[in-house]
Amino acid sequence: MATTAYKAATDFLVYSHTFGLSTMEGRGFYYPSDTAFGKDGVIYTVNRSLEGEAAMRGVRVTVYDVDSKFSHTFCTFGDGPGHMLWPTAILVDRQGRVYISDEQLNRITIFDASGGFLSMWGKRGSVEGQLDGPSGMAFDADENLYVVDHLNNRVQKFTADGRFLLAFGTEGAGDGQFNLPWGMTVDSKGDVYVADWRNDRVQKLSAEGKFIASYGSTGEGDGEFRRPSGVAVDGEGYIYVSDWGNERVQVLGPDGEFIARYRGEATNSKWAEDFLNTNVEEAAARAKSDLEPEMDFFEPTPHEESSHIEKYFWAPTSVKLADDGKLYVTESNRHRVQVYKRGHNA
């Protein structure tokens, strides 16, 4: 069977460009998990790396700008102050401070805009205020910090310096319950959206955790999900979801209605072009390669297709909206970030 032709239902989003290069050090990414935006066009992408010896080099935050100018990296592998073991999400507050959640260290670490260590808080446990596998994060309008408490199947709200405010959610599949939730966001009205990973849905709740709505069900069809990992909401209420298990991004309307789906359209990043311009033999071999092969898969799943077709999303872990409205999709297995903008007819 030939690979499935995945196309957007509309031109709601249009592909713009790609950032990325697979490297364990310096300019580039290594199994990135999330992206955040600082001041003056600065972008931060946190790299989760792999377990074992690779983590000693690959774990870091890559700092660059909207024009692909690489700045520096900060934070390295370790369990001491200012280090990370298994980073999950990254966020920047209005003062430019960078927050990183670490699901193995069960803490939130805070850095200044350049990556200098400022503080950290968090302790493993299941009582209120403790964490077990923190993942997605989001600020509300007052810069209180919501944290997805992944293994405790709940969301907790803290002040920016870690003082506990409230918690909501229990394990289950009912309204307001979660099963290994991962990503989250807060919209302009203060409502909370959670990518309820193992329940294959996105839930919308009030700022206090009261259930409002649920979007999606298990499957590969339009508006269905398989292990959604991230969610973003724009000012008009459109909902963007990284449908991790289906290797795609979906857009829902403000009431949860299906709008469009995207499979990925990546082109070479500027960093990749620089590499190929220097490594001419690899560039020549690549020029002869078929990057979109027609293949007969034993089991034509989205995962198999993405692993063989370079432009497709492969493990889209996070979706984030920049201030200019562009959507940044962090995809772990291809070590890159694909960027989309709204279409003219959207």
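Predicted model only: the values in this text are computed from it and were never measured.

Conventions and cut-offs
- Residues numbered from 1 in each chain as written.
- Predicted model: local features only at pLDDT ≥ 70, side-chain atom pairs only at ≥ 80, totals over all residues.
- Heavy atoms only, no water.
- pLDDT = per-residue confidence, 0-100.
- Contact = heavy atoms within 4.5 Å.
- Helix = DSSP H or I, 4+ residues; strand = E, 2+ residues; numbered from the N terminus.
- Buried < 20%, exposed > 50% of the residue type's maximum accessible area, 1.4 Å probe, protein only.
- Arc of directions from axis to C-beta.
- Phe/Tyr/Trp six-rings, centres within 6.5 Å; stacked < 30°, edge-to-face > 60°.
- Axes fitted to C-alpha atoms, helices over the stretch in contact; angles between N-to-C directions.
- Parallel < 35°, antiparallel > 145°, perpendicular 65-115°, else oblique.
- Nonpolar A, V, L, I, M, F, W, Y, C, P; charged D, E, K, R; others polar.
- Pairing = 2+ DSSP bridges.
- Lys, Arg positive; Asp, Glu negative; His and termini not counted.
- Salt bridge = Lys/Arg side-chain N within 4 Å of Asp/Glu carboxyl O.
- Polar contact = N/O pair within 3.5 Å; in protein donor to acceptor, adjacent residues only side chain to side chain.

With that out of the way, let us pick up the confidence of the model for the protein chain. Of the residues in the protein chain, 97% reach a pLDDT of 70 or more, and the chain-wide mean stands at 94. A low-confidence stretch, residues 1-7 stays under pLDDT 50, and its non-local contacts, those more than four residues away or across chains, total 22 contacts.

Within the element layout of this structure, tyrosine 328 appears in strand β23 (residues 327-331). As a C-alpha pair, tyrosine 328 and arginine 97 span 231 residues in sequence and 20 Å in three-dimensional space. In contact with tyrosine 328, other than residues within four places in its own chain, are Phe19, Phe37, Ile43, Val66, Ser318, Val319, Lys320, Ala322, Val337, Gln338 and Val339.

The next subject is helix α2 (residues 270-278). Of all the residues in α2, the buried ones are Trp271, Ala272 and Leu276. Projected onto a plane normal to the axis of α2, the buried residues spread over an arc of 135° and lie on a single side. For α2, the exposed residues lying more than 90 degrees away from the buried face are Lys270, Asn277 and Thr278. In this structure, the buried side of α2 is in contact with β1 (13-20), β4 (60-65), β5 (70-74) and α3 (280-287).

This part is about the packing of aromatic side chains. Summed over the entire model, instances satisfying the criterion amount to 19 aromatic pairs. Look at phenylalanine 37 and tyrosine 328: their rings are 4.8 Å apart centre to centre, the planes differ by 70°, and that puts the pair in the edge-to-face class. Of this pair, phenylalanine 37 sits in strand β2 (residues 32-37) while tyrosine 328 sits in strand β23, and the two are 291 residues apart along the sequence. The partly exposed category is assigned to phenylalanine 37, whose relative accessible area is 23%. Ring centres of phenylalanine 111 and phenylalanine 117 lie 6.4 Å apart, and the angle between their planes is 75°; on these two criteria the pair is classed as edge-to-face. Residue classification places phenylalanine 117 among the partly exposed positions, given a relative accessible area of 36%. Cluster of aromatic residues (ring-pair linked, three or more members): Phe19, Phe29, Phe37, Tyr64, Trp271 and Tyr328.

So, on to the packing of α2 against α3. Close contact between α2 and α3 brings their axes to 5 Å; oriented N to C, the two are set at 110°. Between α2 and α3, the angle falls in the class roughly perpendicular. Of the residues in α3, those in contact with Phe275, Leu276, Asn277 and Thr278 of α2 are Val280, Glu282, Ala283 and Arg286. Taken together, the residues that form the contact of α2 with α3 break down as four nonpolar, two polar and two charged.

With that out of the way, let us pick up the pairing of strand β13 (residues 164-168). Bridge analysis of strand β12 (residues 154-158) against β13 gives four bridges, and the strand direction is antiparallel. Among the inter-strand pairings, glutamine 156 is bridged to a residue of β13, identified as alanine 167. Two successive antiparallel strands, β12 and β13, enclose a turn made up of five residues, where glycine 162 displays a positive phi of approximately 95°.

Its location among the elements puts aspartate 187 in the loop between β14 (184-186) and β15 (192-196). Of the buried charged residues, aspartate 187 lacks a salt bridge, with lysine 204 as the closest side chain of opposite charge at 4.8 Å. One polar contact links the side chain of aspartate 187 to the main-chain amide nitrogen of lysine 189, over a distance of 2.9 Å. Those residues in contact with aspartate 187 that lie beyond four places of it in its chain are Tyr193 and Val233.

Strand order in the open sheet made by the four strands is β6-β7-β8-β9, with antiparallel pairing throughout. Both edges of this open sheet fall to β6 (87-92) and β9 (117-121), since each of them pairs with a single strand only. Ignoring which end each strand starts from, the neighbouring axes of this sheet average 20° apart. The pairing of β6 with strand β7 (residues 98-102) spans five bridges and is classified as antiparallel. By the bridge assignment for β7, proline 87 is matched with aspartate 102.

Okay, the pairing of strand β19 (residues 239-243) next. Most of β19 is tucked away, with five of its five residues classed as buried. When strand β18 (residues 228-233) meets β19, the two strands line up antiparallel, connected through five bridges. Paired with proline 228 across the bridge in β19 is aspartate 243. Hairpin connection between β18 and β19: a loop of five residues separates the two successive antiparallel strands, and glycine 237 in this loop has a positive phi of roughly 95°. Across five bridges, the pairing between β19 and strand β20 (residues 248-252) is antiparallel. Within the sheet, the bridge partner assigned to isoleucine 239 lies in β20 and is leucine 252. In textbook terms, the turn of a hairpin is the stretch between consecutive antiparallel strands, and for β19 and β20 this stretch comprises four residues, one of which, glutamate 247, has a positive phi near 55°.

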